[in-house]
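If you want the building blocks of each chain, they are given just below.
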Amino acid sequence: MTEPVKVIVTLEAGAPGDVGQRLADKGLKIEAMLDAIGIITGACDAGDIARLQKVDGVAAVEHDIAVDIGPPDAEPS
Amino acid sequence: MARKPTRDDGGDSGLGALGADVDAMLLAALERAEAEGGGTGEEISATDETLTTGRMIVTYKEGAADDGALANMGMRTADARDFEDGAVAMDALGDADALLLPEIGVAVISGNAASERSLGSAGAKSLASDSPISVIEPEYFAFSEGDAGEYLRGFLRAAQTIEADLRGLGAPVDEEDEEGGALVLGATPGLIASRVPQSSRSGLGIRVAVLDTGMDLGHPEFAGRAMVSRSFVGQPVQDLHSHGTHCIGTACGPLAPPGNTPRYGIAHRSTIFVGKVLSNSGTGSTGGILAGMNWAIANNCAVISMSLGAQTGVQFGYVAAGAAALARGCLIIAAAGNAASSTGAPANSPSIMSVASLDRNLAPSSFSNRGKIDISAIGRDVWSSVPRPQRHGFKTGTSMACPHVAGVAALWAQTNGSLRGMALWQRLLASARPLPYPASRVGRGLVQAP
C-alpha cells in the first residue's frame, strides 16, 4: 500500500465500453466519467498507476496537479 | 474522447497518417520515447528536438513544382488548392499518402508512405540530381520557439494564405449586419486596441463558457443576461474571489454600463456559461478543470475561456480535451501564464489556443509567458467587473488578455455559422494585427474584432 493519489486517465478513441469497470477492478476509485472529452478522473494508490496504464483503451494516466490563476492577478480584489 | 487510433488498425488511418491528429501523434511519440527508456510519459520537454511526428516533410527546390515526383514514387497525392477553404482539413484527406502545399513549395508525406519507400532523413542523398525535391526531413512537433516550432505555425500560415487566395483577398464572408451600427464612445484600452467598439457584432446566439472562480450572479450590469452556471469545486458559483467576475466582464460584459463607466465587455449579448473550477481562493486541480471543460463542450459552447494554468509540461488530458472540443466545433482559449517563462498547461497544448499579454503600448508584458503563443491581447491594467460592492476594478495578467480573445472569438463566431472550432481558430489568427515582436512572445499578433 502506498499513498492514495488523484489521477487523470485519458482514454483512447474507441476504448472498450467497460474500461471504467476494468479500471475500477485494478484499483481506481472513480470520481467522474467525462464522456465528452474521453477522460476518467479518480484516485488510486500510487503503486497502482502502472497497472492502470496497462488497461486496454487507456492512453495515459497522469497525476492530478494543482492549478491556479497565477501572479500578478492572484490576489482577490 | 481522445482521438488516438487503436494500435492494431494498421493502415494509413493510423499514426503518422496525414489525417492523424496532433494529439494522437503526440501520444505515439511519447510511447516511442518511453520505449526508448526516456522520460516518464507525463511531460514533454519543450526543448526536446527528438520528438518527431512520424510524418516527413518534402521541400522542393526553389521554383520547382512537384511535376508528379511523388506520384512517380507510387504515392496518392492531395493538393491543398483542391480544398474548399484551404483549411487544415487533415481528417478529410482520406487515404492520401502526401499533401502538396504548392504555395510554399512543401509536401507532407504520411509515415507509412515514407517508411515504405525508405524516405528517412538520409533519403535526400538518394534523390536524383534532376529531382525537383531539395530535401526530405522528419516533421517535428511544435511546442516552443525554435526551428521545429516554426513548422506548424508556417503550415497554418500557408493554409490561411491559400484560404485568402480562394476567397479573394481574404475578405471575411460576413452575413447581413442586422444589428446596425454600435459605435460606442468610451471603451477600455483593451477593447479599443482590438477594435471592438467599431464592431456591430454582439455575440448573440453564441455560448461562451468561462471556467474560473465563478461569477457575482447578482452583479447589476448582468441583470437579465442569459446565464447558465455550475460549480465543480464544492462551493457555490457565487464568486468570492473576483477573478472569474472580472474575466466574464471582459468576455461578455454589457455594451453600455451605467454612469461614467467605460465599456469593458465584448460579447454583450452572448449566453454566459459560468463554470466554477477554481475555489474562492483561486486554486483548483486538473480533475475539476477537466470536468468543467467536459461540461462546456457537452453544452456546445463555441468559445471556452480558461484564465488558469500550471507551470508544467504538456498534459495528455488537456491535449485530448482540446482535440475533443475542436472536433465538436468548440474552441478552447487559455492564458499562457504569468511566470515570464515557458507557456504553462493547458495553454501549451497544441489543441488549445494560447494567449499572451500586451501592455497598453502593445509591447509584450514582462510577466507574460513565452514559447507556445498563438495570439495576444491587452492584459495589463484591465478594467472590468468585480463582485459587489466594488462592481469594477483593475487586474493584470494573461488571465485578462485571454477573455479579450474569447469575447472577440464570440463576435467572429456570430458572423458565420461555419466559423467554429479550427475554422474559428484560423480566422482569429488570420485577422490578427501583426506586431513587431517574435511569434514566441505575441503569436500572430493582436486579436481584432470583425
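Residues numbered from 1 in each chain as written. Chains lettered and ligands numbered in written order. Predicted model: local features only at pLDDT ≥ 70, side-chain atom pairs only at ≥ 80, totals over all residues. Heavy atoms only, no water.

### Here's the deal with the overall build of chain A
How we decide: The helix count covers DSSP runs of H or I at least four residues long, the strand count covers runs of E at least two residues long, and both are numbered beginning at the N terminus. Per-residue accessibility, obtained with a 1.4 Å probe over protein chains only, is compared with the maximum for each type, and a residue is labelled buried under 20%, exposed over 50%, and partly exposed between these values. Any two residues whose heavy atoms approach within 4.5 Å at even a single point are treated as in contact. Note on areas: these come from Shrake-Rupley sampling with a 1.4 Å probe, and a residue is covered only by the protein chains present in the view.
Per the secondary structure count, chain A includes 2 helices and 5 strands. Taking all 77 residues of chain A together, 48% fall into the buried category. Long-range pairs, those at least 24 residues apart, make up 65% of the contacts in chain A with a sequence separation of at least 6. Here chain A has roughly 3,600 Å² of accessible surface; of this, 54% comes from carbon and sulfur atoms.

### Comments concerning the pattern of salt bridges
All names here are of chain A. Selection criterion: The term salt bridge refers to a pairing of a side-chain nitrogen on Lys or Arg with a carboxyl oxygen on Asp or Glu at a separation within 4 Å.
Under the definition given, this model contains 6 salt bridges over all chains. Among the salt bridges present, the one from K6 reaches E31, with a minimum N-O distance of 3.4 Å. Note that K6 is positioned in strand 1 (residues 4-11) and E31 in strand 2 (residues 29-34), a separation of 25 residues in sequence. With relative accessibility at 41%, the residue K6 sits in the partly exposed group.

### Remarks on the UniProt feature "active site" (unreviewed entry) in chain B
Residue and element names in this part refer to chain B. To keep things clear, this is the line we draw: UniProt positions are given in the numbering used here, feature names are shortened, and annotations may be inferred rather than shown by experiment. Nitrogen and oxygen atoms within 3.5 Å of one another constitute a polar contact, given that in protein one can donate a hydrogen and the other can accept it, and given that sequence-neighbouring residues count only through two side-chain atoms.
If you check UniProt for "active site" (unreviewed entry), the listed places come out as D212, H243 and S399 in our numbering. On the basis of their most widely separated C-alpha atoms, the annotated residues across 188 residues gather in one place, lying no more than 9.8 Å apart. Its location among the elements puts H243 in helix 6 (residues 243-252). When its relative accessible area of 0% is taken as the criterion, H243 is described as buried. A polar side-chain atom of H243 sits 2.6 Å from a polar atom in the side chain of D212. Here S399 is to be found in helix 9 (residues 398-415).

### Quick look at the packing of aromatic side chains
Given two aromatic rings, their pairing is described by the distance between the two centres and the angle made by the two planes. Residue and element names in this part refer to chain B. This is how the line gets drawn: Each pair of aromatic rings taken from Phe, Tyr and Trp, with Trp reduced to its six-membered ring, is defined by centres within 6.5 Å and is described as stacked if the planes are under 30 degrees apart, edge-to-face if over 60, and tilted in the remaining cases.
Counted according to the given criterion, the structure contains 3 aromatic pairs over all chains. Relative to W295, the ring of F273 has its centre 5.5 Å away and its plane inclined at 55 degrees; by these criteria the two rings are tilted. Separated by 22 residues along the polypeptide, F273 in strand 8 (residues 271-276) and W295 in helix 7 (residues 286-298) bring together distant segments of the chain. Here F273 matches W295 in class, with each residue buried. Grouping aromatic residues by their ring pairs yields a cluster made of F232, F273 and W295.

### A look at the sheet that holds strand 2 of chain A
All names here are of chain A. Short version of the rule: Whether two strands pair depends on DSSP finding at least two bridges between them. Every angle, taken between N-to-C directions, lies between 0 and 180 degrees, and every axis is a line fitted to C-alpha atoms, over only the stretch in contact when it is a helix.
Pairing in this open sheet of 4 strands is antiparallel, and the strands run 2-3-1-4 from one edge to the other. Each edge of the sheet is formed by a strand with only one pairing partner; in this case those strands are strand 2 and strand 4 (58-63). The mean inter-strand angle of the sheet, taken between neighbouring strand axes irrespective of direction, is 25 degrees. Relative to strand 3 (residues 39-45), strand 2 is paired through 5 bridges, and the arrangement is antiparallel.

### Some words on the sheet that holds strand 13 (residues 375-378) of chain B
In a beta sheet, neighbouring strands pair by backbone hydrogen bonds and run either parallel or antiparallel. Residue and element names in this part refer to chain B. Strand order in this open sheet of 7 strands is 7-8-6-10-11-12-13, and the pairing throughout is parallel. Single-partner strands in this sheet number two, and they are strand 7 (227-231) and strand 13. In this sheet, neighbouring strand axes are inclined to one another by 25 degrees on average, regardless of whether the strands run parallel or antiparallel. Summarising the sheet, strand 6 (residues 207-212) and strand 8 pair through 6 bridges and their orientation is parallel. Paired with D212 across the bridge in strand 8 is K276. The strands that helix 7 touches are strand 6, strand 7, strand 8, strand 10 (303-306) and strand 11 (331-335); relative to strand 6, the one it contacts most, it runs at about 175 degrees.

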